[in-house]
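Summary of the model geometry
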Amino acid sequence: NTDTRLVKQWYQRRVRGVLNYYTNYYYKSNLRMSLSCEQKKELREIAHAIVDGGKGILAADESTGTIGKRLANINVENTEDNRRAYRELLFTLPKESNIGDSIGGCILFEETLFQNASDGRPFVELLREQGIVPGIKVDKGVVILPGTDGETVTQGIDGLNERCAKYKKAGAQFAKWRAVIKIGEHIPSQLAIQENADTLARYATICQANGLVPIVEPEVLCDGTHTLQQCRDVTEKVLAATFKACFDHHVYLEGSLLKPNMVTAGMQCPEKSTPEQVGEATVVTLQRTVPSAVVGITFLSGGQSEEDATLNLNAINAYQDAGRKPWALTFSYGRALQASVLKAWQGKPENLEAAQTELQKKSLR
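Because the structure is a prediction, the values reported are computed rather than measured. (Residues numbered from 1 in each chain as written. Predicted model: local features only at pLDDT ≥ 70, side-chain atom pairs only at ≥ 80, totals over all residues. Heavy atoms only, no water.)

Along the protein chain, the regular secondary structure elements total 13 helices and ten strands. Looking at the protein chain residue by residue over its 365 residues, the buried ones come to 51%. Residue pairs in contact within the protein chain that sit at least 24 positions apart in sequence constitute 78% of those at least 6 positions apart. For the protein chain, the accessible area works out to roughly 17600 Å², and carbon and sulfur atoms hold 51% of it. (Helix = DSSP H or I, 4+ residues; strand = E, 2+ residues; numbered from the N terminus. Buried < 20%, exposed > 50% of the residue type's maximum accessible area, 1.4 Å probe, protein only. Contact = heavy atoms within 4.5 Å. Areas by Shrake-Rupley, 256 points an atom, 1.4 Å probe, with all protein chains shown as cover.)

As a further point, take the packing of aromatic side chains. Counted by the stated rule, this structure contains four aromatic pairs. Relative to F123, the ring of F91 lies with its centre 5.2 Å away and its plane at 80 degrees, an arrangement referred to as edge-to-face. You can see F91 sitting in helix α4 (residues 80–91) and its partner F123 sitting in helix α6 (residues 123–129), a full 32 residues away along the chain. A relative accessible area of 2% means that F91 is categorised as buried. (Phe/Tyr/Trp six-rings, centres within 6.5 Å; stacked < 30°, edge-to-face > 60°.)

Let's shift gears to the side chain of Q304. Looking at the element boundaries, Q304 is found in the loop between β9 (296–299) and α11 (306–318). Q304 sits in the buried class, given a relative accessible area of 13%. Reaching out from Q304, the side chain makes a polar contact with the backbone oxygen of S301 at a distance of 2.9 Å. What Q304 contacts, discounting residues up to four positions off in sequence, is M262, A309 and N312. (Polar contact = N/O pair within 3.5 Å; in protein donor to acceptor, adjacent residues only side chain to side chain.)

Before going further, it helps to spend a moment on the confidence of the model for the protein chain. Reading predicted coordinates in detail is not appropriate for stretches of low pLDDT. Confidence along the protein chain averages 90 in pLDDT terms, with 90% of residues attaining 70 or more. Ignoring residues within four places in sequence, the model shows residues 25–33, a span with pLDDT below 50, making four contacts including any to other chains. (pLDDT = per-residue confidence, 0-100.)

Running from N to C, helix α10 (residues 275–289) and α11 cross one another at 55 degrees; their axes reach a closest spacing of 8 Å. Considering their axes alone, α10 and α11 lie oblique with respect to each other. Remark: the crossing between α10 and α11 carries right-handed chirality. Listed contacts from α11 to P275, E276, V278, G279, T282 and V283 of α10 are L311, N312, A315 and I316. Per-class residue counts for the contact of α10 with α11 are six nonpolar, three polar and one charged. (Axes fitted to C-alpha atoms, helices over the stretch in contact; angles between N-to-C directions. Parallel < 35°, antiparallel > 145°, perpendicular 65-115°, else oblique. Left-handed = near helix turned anticlockwise from the far one by under 90°. Nonpolar A, V, L, I, M, F, W, Y, C, P; charged D, E, K, R; others polar.)

A few words on helix α12 (residues 335–345). Among the residues of α12, those classed as buried are A336, L337, Q338, S340, V341, L342 and W345. Buried residues in α12 make contact with β1 (56–60), α3 (64–72), α4, α11, β10 (328–333) and α13 (352–363). Once α12 ends, the next one or two residues include Q346, with phi positive near 60 degrees.

Before going further, it helps to spend a moment on the pairing of strand β2 (residues 103–108). When you tally the buried positions in β2, you get six out of six residues, the bulk of the element. Of the strand pairs in this sheet, β1 and β2 are connected by five bridges, and their pairing is parallel. Across the sheet, G56 pairs through a bridge with I103, a residue of β2. (Pairing = 2+ DSSP bridges.)

Given below as structure tokens:
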């Protein structure tokens, strides 16, 4: 009886194993085939249009609250008309400025995606005329992740498929989703790293199914006293987990972009890093974790000054290991492109030309 029971259990395990194998194979094969050749081609072309030729991204996706703080710094009221006027300034540089030669994409906030300029033309149309690909921020901000010491996860997956379809119809061609990782005593936890990686991967697959190139943004915050080496170690873990999740979720990497932090010491760290140190640490970290299939890496400025963000990006591109840097290495800057623009504008129509000149200068650095 004992022998019969053991044989029966062995047989049941074998049958379950075979069934699981074929179920898994069928499921994964269908996922891999879910994007047609035409869809993959479109995603590749969009991604390359954004970053090829050294072009970068203007991040103009500040939420209503965030743009309100920036406007308050120049004593401008946070109204829809003022927000629209400022965004119009960014999107209407004279054609002779050739801004599309240095900026390949622009990330918009949902309000901006559906806004029109003062002459009635949609902002999306203005960007296209400049040769700039319009994109959209799709995450809904961060919430506390239960079971952690104040760590966060990004929300917005619910209803994302429907929103992506709407954004694509409105003219967006790519999307952005930001995950936030903190460095501190005993953090980040593996739970926070894994949860954010899985969420980024789910977002990316949903975007691609709707014809939007996903920008995957796992930001390791620069706030803190951590050293350059600590940032390097954490960034490595975060990127490795992110691309493992992307692989598991069948993200089409050839139609995607990465928006990571640069590897820097914390803002409050007494030991500051040189641009050369940042360049080496960042490139080596990317080499260890980012597949060559990813089209481009568009760095966030992460609270750096305009000058520091520029010097560090230059050092990253100058780091002498060209044979092992298969991606476009460029920028996706918000504050680092716009701080001088806002200062020049001051909310006054007569300062429009001066403000646009500042944007042109910063994008050409």
